[in-house]
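# Structural overview for review
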Amino acid sequence: MEDSFSIENFVGILKNKKKDEAILYCIEYLKSFPNINPLNVYEKFILPFLSNYQCFYEEEFCVWEEHFISSTFNSIIGSVYPYLISYRKVLLDKNEVTLKNKTILFACPSEEYHELGIKIVSDYFYMEGFNVYYLGANTPQEEIFRGAKILNVDFIALSVSNPYNILTLKRTIKYLKRNINEMNLNMKIIVGGGAFKNNKTLVDEVDADFFVDDISNINEFSDRMFKEG
Ligand code: B12
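Here the residue numbers are simple positions, counted from 1 along each chain's written sequence. Local features in this predicted model are restricted to residues of pLDDT 70 or higher, and side-chain atom pairs are both shown and tallied only at a pLDDT of 80 or more, whereas totals for entire chains, interfaces and linings draw on every residue.

Turning our eyes to something else, we now look at the site of the ligand. Near the ligand you find 31 residues, and of these Gly117, Ser159, Gly192, Gly194 and Val212 are the closest. Of all the secondary structure elements, the ones that give two or more residues to the shell around the ligand are helix H3 (40-52), helix H4 (63-93), helix H5 (116-127), strand S3 (155-159) and strand S4 (188-192). If you tally residues by element for the shell around the ligand, the top one is H5, at 5 residues. In the scheme used here, Gly and all other residues not listed as nonpolar or charged are polar, with Ala, Val, Leu, Ile, Met, Phe, Trp, Tyr, Cys and Pro taken as nonpolar and Asp, Glu, Lys and Arg as charged. Partitioned by chemical class, the residues of the shell around the ligand number 16 nonpolar, 10 polar and 5 charged. When residues of the shell around the ligand are sorted by domain, at least three fall in each of domain 1 (7-93) and domain 2 (103-228). Defining nearness, a residue is near a molecule or strand when the C-beta atom obtained from its backbone falls within 6 Å of it. Secondary structure elements are defined from DSSP: runs of H or I of at least 4 residues count as helices, runs of E of at least 2 residues count as strands, and each element is numbered from the N terminus. How far each domain reaches was decided by an automatic or database domain assignment.

Here it is in structure tokens:
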């Protein structure tokens, strides 16, 4: 079947603020191509949209519009999830993916409100066969640790987009590592997010165990985590 779904159409729909239409566009795409990995919705529409996004109006920034787009994307991501569940089952049945028996908790530290990237990343790890728990934006360090301990996770994955939050990330990792060591737990910390994009030296500064800069590296990285984790 010919693919008539395009990023240009999708951008046009959002420019006109048609939330329902944008959600249905993505769902129609999945229904039209039932054999594709539903993560394609992210790669074909959401990621290219966000990486090129600039305010549709004359002002340099329009935060209200960023909020509108984010809430629309949260609905799309939620609508795609049942498709991910079914498709992962197909991949498992065909032995194209194996259950990793490893658990990852995903969160953004305090004051970090950019959560779309890490939500998307958590879905990629889910499709790689990991157990995932997604806590979302602005999560206090004490709650990240409490959740990680109760859920007995192997990895804590943290995301920071706003460079101002690097200091908080650093403090959070210090707190987590202290508690992990004191309780003799076996948990590793992964970091990623836009704040590292133009300054990779920050990775050493925050003292995480792993850094992944893009979803294109998740497949290779998840194999490594599975073996070394
Ligand atoms: C949407 C958005 C928002 C939304 C976020 C809503 C939400 N629920 O997430 C809202 C409106 C809340 C917001 C607020 C702000 N934002 Co804002 N926002 C954006 C925007 C448009 C898109 C961000 C995004 O989702 N990108 C797409 C995702 C997929 O990319 P990503 O997060 O980098 O994730 C990828 C990788 O980094 C990686 N990854 C990410 N996390 C992790 C974690 C792990 C463990 C791993 C393995 C990988 C990984 O995988 C992802 C896929 O490849 C960008 C501009 C842009 N065009 O990018 C600005 C942007 C990030 N915001 C910015 C700013 C300044 C702010 C505000 C301070 C002011 C404002 N504009 O309101 C506040 C700060 C809030 C806070 N304290 O955190 C700046 C950041 C500053 C900078 N110098 O880089 C940007 C770059 C805009 C700009 N050009 O100035 N924002």
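Summarising the element assignment, serine 222 is placed in helix H9 (residues 218-228). For the pair serine 222 and lysine 100, spaced 122 residues apart in sequence, the C-alpha separation works out to 9.1 Å. This entry defines residue contacts through backbone-placed C-beta atoms, with two residues in contact when those atoms are within 7 Å. Excluding residues that lie within four positions of it along the chain, serine 222 makes contacts with Phe125, Glu128 and Phe130.

What follows deals with the nonpolar core. Ile104, Ile156, Ala157 and Leu158 are the most contacted members of the largest nonpolar core, which has 53 residues in total. If you count residues domain by domain, this core takes at least three from each of domain 1 (7-93) and domain 2 (103-228). Those residues within four positions of isoleucine 104 in sequence are excluded, and the remaining contacts are Phe125, Phe130, Val132, Val153, Asp154, Phe155 and Ala157. Each nonpolar core comprises buried Ala, Val, Leu, Ile, Met, Phe, Trp, Tyr and Cys residues, the members being joined through C-beta atoms within 7 Å. Exposure criterion: with C-beta atoms placed from backbone coordinates, a residue whose C-beta has 20 or more other C-beta atoms within 10 Å is buried, one with 12 or fewer is exposed, and one in between is partly exposed.

Let us now look at the domain arrangement of the protein. Here the protein is partitioned into domain 1 (7-93) and domain 2 (103-228). A separation of 24 Å is found between the C-alpha centroids of domain 1 and domain 2. Facing 8 residues of domain 1, the contacting portion of domain 2 comprises 7 residues. For the side of domain 1 that touches domain 2, the element with the highest residue contribution is H4, accounting for 5 residues.

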